[in-house]
Amino acid sequence: MADVSIVFRNRDGTHTGKIYVNDYQAAAELASKFRNATHIVDVISIQDKIILRWDEGHPDWKHGETKPIKLATETYRFERPEDAFWDVEGRQWLLSDALCSAFDVAAGQSYKHNFEQLRDHVYDHVGEDVWPLIEEAQAKADEMAKETDNEVWGEAISDWMSDPQHLFIRYQIEHAALTMHTQELASSIRLRKLHVELATLAVHRSTGT
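The rules we used
Residues numbered from 1 in each chain as written. Predicted model: local features only at pLDDT ≥ 70, side-chain atom pairs only at ≥ 80, totals over all residues. Heavy atoms only, no water. Buried < 20%, exposed > 50% of the residue type's maximum accessible area, 1.4 Å probe, protein only. Helix = DSSP H or I, 4+ residues; strand = E, 2+ residues; numbered from the N terminus. Pairing = 2+ DSSP bridges. Contact = heavy atoms within 4.5 Å. Axes fitted to C-alpha atoms, helices over the stretch in contact; angles between N-to-C directions. Expected span 1.5 Å × (residues − 1). Phe/Tyr/Trp six-rings, centres within 6.5 Å; stacked < 30°, edge-to-face > 60°. Lys NZ or Arg CZ within 6 Å of the ring centre and 35° of its normal.

Draft legend 1. Geometry of the pairing of strand β3 (residues 40–45). Buried residues dominate β3, accounting for six of its six residues. Of the two faces of β3, the one holding I40, D42 and I44 and the one holding V41, V43 and S45 are both buried throughout. By the bridge criterion, six bridges tie strand β1 (residues 4–9) to β3 in an arrangement that is antiparallel. Note on β3: the bridge partner recorded for V7 is D42. Bridging between β3 and strand β4 (residues 50–55) involves five bridges; their strand directions are antiparallel.

Below you can see the structure in the form of structure tokens.
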């Protein structure tokens, strides 16, 4: 079970929904890194209480009972005028494609995804850093391939998706921050429903054994 969640919010009520993270310290550091993405960034406990909040990039921790932890995380650079290859929206769509690909690989349904399209996105947006995510997903798929208990299988994939020791949750949070920064919400539609999709897959999954 995830320890906490991160939510990015706009003043108008638009938000990313909860992004679950298995480690409080890592969640706090990730939220701090992307604190300039939108108006409000919250770290929320499993009791649905705000633990940490950044308001317009500044700490506002009076909402929670947890004492502020030391956070010296450098903020993410959404604008990079010195980098001719940087395209913030291109990075957003690249991560969307990579995350959906990784999910499909980990869940044993990589046949659904167009990896040529992902390769094109990687080439266009200098995104070679996403390939280790696909490799981690394949390792998880191989690890769980013979698991016959569908509930155990689903929980293992869910835990992998929320574990900051792996790349999926880190890229998911980066994608959510980019989505709120650009307000290009279309790329987040499937990503926001992956845990529901996973639950459905777990119910109907067959190992073929």
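Draft legend 2. Quick look at the environment of K140. Along the chain, K140 falls in helix α4 (residues 131–144). C-alpha of K140 to C-alpha of Y20: the two residues are 120 residues apart in sequence and 18 Å apart in space. The residues touching K140, leaving out its near neighbours within four places in the chain, are A156, I157 and W160.

Draft legend 3. Spatial organisation of the sheet that holds strand β2 (residues 19–21). Ordered in space as β2-β1-β3-β4-β5, the five strands form an open sheet in which the pairing is antiparallel. Edge positions in the sheet fall to β2 and β5 (58–59), since each has one partner strand and no second. Contacts from helix α1 (residues 24–33) reach β1, β2, β3 and β4 within the one sheet, and its direction differs from that of β4 by about 15°.

Draft legend 4. Geometry of helix α6 (residues 167–182). With 16 residues, α6 should reach 22 Å at 1.5 Å per residue; the first-to-last C-alpha distance of 22 Å fits that figure. Within α6, 13 of the 16 residues are buried, leaving the element largely enclosed by the surrounding structure.

Draft legend 5. Region of interest: the packing of aromatic side chains. Under the criterion given, the structure shown has four aromatic pairs. Ring centres of F34 and Y76 lie 4.9 Å apart, and the angle between their planes is 40°; this geometry places the pair in the tilted category. Remark: Y76 occurs in the loop between β5 and α2 (88–106) and F34 occurs in the loop between α1 and β3; sequence separation between them is 42 residues. Assigned by exposure class, F34 and Y76 land together as buried. Of note, R80 hangs over the ring of Y76, and the distance from its end group to the ring centre comes to 5.1 Å. The ring of W86 is capped by R80, whose NZ or CZ atom sits 3.8 Å from the centre of that ring.

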